[in-house]
Amino acid sequence: MQFKHPEILYFLFLLVIPILVHLFQLRRFKKEYFTNVKLLKELQIQTRKSSKIKKWLLLATRLLLLTCLILAFAQPFFDAKDTTNKGNELIILLDNSFSMQAKGAKGELLKRSIQDLLEELPENQQFSLLTNSEVFWDTDIKSIQKELQNLKYSAMPFQLDYLINQVETKKKNTKKDYVIITDAIQFESKKTLDLAENNVVYFIQPEAQNKTNISIDKVAISQVLDQFYELKITLQAFGETENEVPLSVFSNNKAIAKTIAKFENQKTEIAITIPKNDFHGNISIEDNSLSYDNDYYLSISKPEKANVIAIGNSDKNNFLSRIFTADEFNFQSTELATLDYNQIENQDAIVLNELEDLPVALGTTLKSFYEKGGNIVLIPNAKNTPSLLNAFAKNFGGFNYSQLSTSGKQITKINFNHPLYQTVFEKKVSNFQYPNVKESFILSGITNILQYEDNSVFVGSTTNRLGTFYAFSAPVNKQNSNFQNAPLIVPTFYNMGQNQGKTGINAYTIGENENLILETILAKDEVVSVQKEGYSFIPMQQILNTKCKLSFGDYPEEAGNFDVIKANNSLKKISFNYPRTESDLTQVSTANFENFNKVNNISTVLNDIASERTSNEIWKWFIIATLLFLITELLIQKFVK
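These figures come from a predicted structure and were not determined experimentally. (Residues numbered from 1 in each chain as written. Predicted model: local features only at pLDDT ≥ 70, side-chain atom pairs only at ≥ 80, totals over all residues. Heavy atoms only, no water.)

Visitor: I'm lost on the nonpolar core in this one. Help?
Guide: Nonpolar side chains in soluble globular proteins tend to end up buried together. In this structure, I92, L117, L121, V179, F552, I574 and F576 are the most contacted members of the largest nonpolar core, which totals 53 residues. For this core, the element with the most residues is helix 3 (residues 109-120), which contributes 5 residues. With sequence-adjacent residues up to four places away left out, F552 is seen in contact with Y508, N513, E514, N515, L516, V530, F537, P539, I574 and F576. Grouped together as the second largest cluster of nonpolar side chains are 33 residues, V308, V377, I411 and F472 included. (Core = buried A, V, L, I, M, F, W, Y, C linked by side-chain atoms within 4.5 Å. Buried < 20%, exposed > 50% of the residue type's maximum accessible area, 1.4 Å probe, protein only. Helix = DSSP H or I, 4+ residues; strand = E, 2+ residues; numbered from the N terminus. Contact = heavy atoms within 4.5 Å.)

Below, the structure written as C-alpha cells:
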C-alpha cells in the first residue's frame, strides 16, 4: 500500500493524546470503607469493573477512529497491475473495405462498429484512428463524429502492415495500445508478431451472419455480329445461393436487356446480345448480400479500323492480306528496304515476317512503338541466328531463342485462358486439326499461347500492360509449316492486329494502376481529366508525340462510367470497376491475430485498460471506517454502563 500524502501520517503521533486522557481518568483513589455501607460494597465493585471496560472500549474506538481519519487524508492506494503501459497512446485501425458491407446481428458490420465507437468512447478520450482511406490523428470522438457517420466504403483492401507503417512513421518511439477492427476477409500481414511484442494489441472481429454472395466477375465481347455484340458475362457465387438471379443491362441509364442468371455450379456464364452501338453503361444483378460487386461498368466504342504493317517479302505477306481485310484494317505490306520509319508510330500492330536481318535501328524504333502501346509480331527466318534474335528480343523482355531444330513437331496445345483466345472458343477443344512445322527454334522465358506436343512453345507473348509482343518459334511459310491452312491462323493473327483501345470493352479495375493510350496532341500546359457527374480527377499523363499516355494509379475512388475530357470535349468513354477481392465472405483469415487480445467491443478494451492501469484508491473505505467507529462510540456511550 502506498500513500499520495505520506506526510500526513505524522499526525498519528496525536494518538498519544487520547491515551494520556484515558490514563488520567484511570488514576487510583484511596478507598475508605464504612460499616454502614456494607450492603452497597458488592454493587460498587461491580460498577467500577463495568466502567473500566467502557473506558477501554471508548479508548480503542477513538484511537481507531482517529487512525482511519488520518489514513484517509493521507489517501492510500494500491499500485496498478500494469504501470509500464500507463502512458500508451490509443490507436484504432478500422477496416472500411467492401466486405464490411456484410450484415451482422445488428446491421452492416462497418456501421455497427462506428456506432459502437460513438457510443462507448468517452468525449475526453484522445486517440488516433486510421481506416483504409482516411486518417485522423490525435483527436476525440466528438471532433470526428460527422466524418465517421459519413465514412464511405473503400475499394482498397484492409492492409494492416501499411497502416502500421503510417503509425510508426508518425508516432516514433511511442508505446501504443492498438485496437484493430476488421472482419479479416482475405487478411495477410507480416508484422503481427512484432506488433504484439512491442505493443498492447486488441482485436475486434465483426462477423457476418449471411456469408452468401454473388458477384459479376468479368464481361467480354464473345462475338461481333453485323448488328449486335454478344456479351459473355461471368458470375461467381460464394456459399449457398439461390438458383436464379435477375440480371439487367443498362446503357445511358436505360434498360436495354434483361434475363435470369441460373446457377448449377459456383460459376456461370451468361450470353446476351446488345445493339452494335456505342455502349456506356453497366450490367447489374440483385442479391441480398454485398452490393459493391453487383454492378459491372463498361464502355464500348464504335470499332475503328486498326492500322497494320507487315514487313517482309511480299509473297510471304500474301496470307496476311487475306486476314487483315479492308473492312476492318488499314493493311500495308512493305519490304524492309522500303520501310518508312515515320509511319510506324501511327500503326496499331507491326508484323515482322521472316526478315533475314533485324537492324538495330529497327529494334530501337519498335521499342518506342511498343512502349506506347503498339503490338509487335515476330516470325523468325530459318536463316536467323539465335544471337541475332536474342539481341533484338532484349528490347522487349527476357525471352530467349536457342538453336534451330530440324525435327518436325505438331502443334497440339492451346492456352484457352490467354487474352488472345478468350473470345474465340465457346468451350475447350481437344480434337482439332493439328498444324505442324519442319524446322523450329527453341523459345523460352515467355508466356505460352500455342505449344508443341513436347510442351515447348510455338507462339508466346510478353506484355508491358500497354502493348503486347508476340513471338513465333518457327517460320510459318508453306514450305516449313501448314499453319497457314489451319483454322487457328485467322483468329490468331486477327486478334494480334487489333488495338484494344479501338475495339472491345474499355473497362478498368480500380487500384491496378492501368494505363490508356489516347491518340491526341496536347499543348505544353494542357491536361486531360476523367469525369463523371459529381466526381472528377486528373490522372498522370505523359505526352508521346502524337499520343498521350494516361496512368490511373489508385484512382478513381468510385466505380462508374467516365468521360476523358480535353478542353470540355469528350475524347473517349471509359469505365472503372471495384476489384472483386473481397467478394468471398468465407475467406476469413484470423491466424495472424492469435497473439492479440480478442475482445467483443471497444467498451471491453476501455474497461480492461482502466482496470489494469488505474491505481486502486482505498481512502474512501477509511472514511467509511471512521464513520463506523464514530457510530460505535455513540452506541458505547449510550448502552454500555
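What follows picks up the thread again.
Visitor: I keep staring at the pattern of salt bridges and nothing clicks. Help me out?
Guide: Opposite charge on two side chains lets them pair, provided their charged atoms get close. All chains considered together, the criterion is met by 13 salt bridges. Across the pair E119 and R112 runs a salt bridge whose closest N-O atoms are separated by 3.7 Å. According to the relative accessible area criterion, R112 is partly exposed, its value standing at 23%. Linking K532 and E558 is a salt bridge whose minimum nitrogen-to-oxygen distance equals 3.4 Å. Here the residue K532 occupies a position in strand 30 (residues 529-532), and E558 occupies one in the loop between strand 33 (547-551) and strand 34 (560-566), the gap between them amounting to 26 residues. Using a relative accessible area of 25% as the deciding quantity, one classes E558 as partly exposed. Salt bridges sharing partners connect three or more residues here, namely E89, D138 and K171. (Salt bridge = Lys/Arg side-chain N within 4 Å of Asp/Glu carboxyl O.)

Visitor: How should the sheet that holds strand 6 (residues 127-130) be read in this particular structure?
Guide: Where strands meet in a sheet, backbone hydrogen bonds hold them as pairs that are either parallel or antiparallel. With mixed pairing, 6 strands are arranged side by side in an open sheet as 7-6-3-8-9-36. The two strands at the open ends of the sheet, each matched to only one other strand, are strand 7 (135-139) and strand 36 (597-599). For this sheet, the mean angle separating the axes of adjacent strands, direction not counted, is 20°. Across 6 bridges, strand 3 (residues 89-94) lies against strand 8 (residues 176-181) in parallel orientation. Bridging from a neighbouring strand, I91 pairs with Y178 of strand 8. Against the sheet, helix 3 engages strand 3, strand 6 and strand 8, with an angle of about 160° to strand 3. Against the sheet, helix 5 (residues 160-170) contacts strand 3, strand 6, strand 7 and strand 8, and its axis sits at roughly 155° relative to strand 8. (Pairing = 2+ DSSP bridges. Axes fitted to C-alpha atoms, helices over the stretch in contact; angles between N-to-C directions.)

Visitor: Help me understand the sheet that holds strand 29 (residues 515-518), please; the structure alone is not making it clear to me.
Guide: Ordered in space as 29-33-32, the 3 strands form an open sheet in which the pairing is antiparallel. The sheet terminates laterally at strand 29 and strand 32 (540-544), the two strands that pair on one side only. If you compare each strand with its neighbour and ignore which way they point, the axes differ by 20° on average. Two elements, strand 29 and strand 33, share 4 bridges in a ladder whose sense is antiparallel. The residue bridging I517 from the neighbouring strand is K549, located in strand 33.

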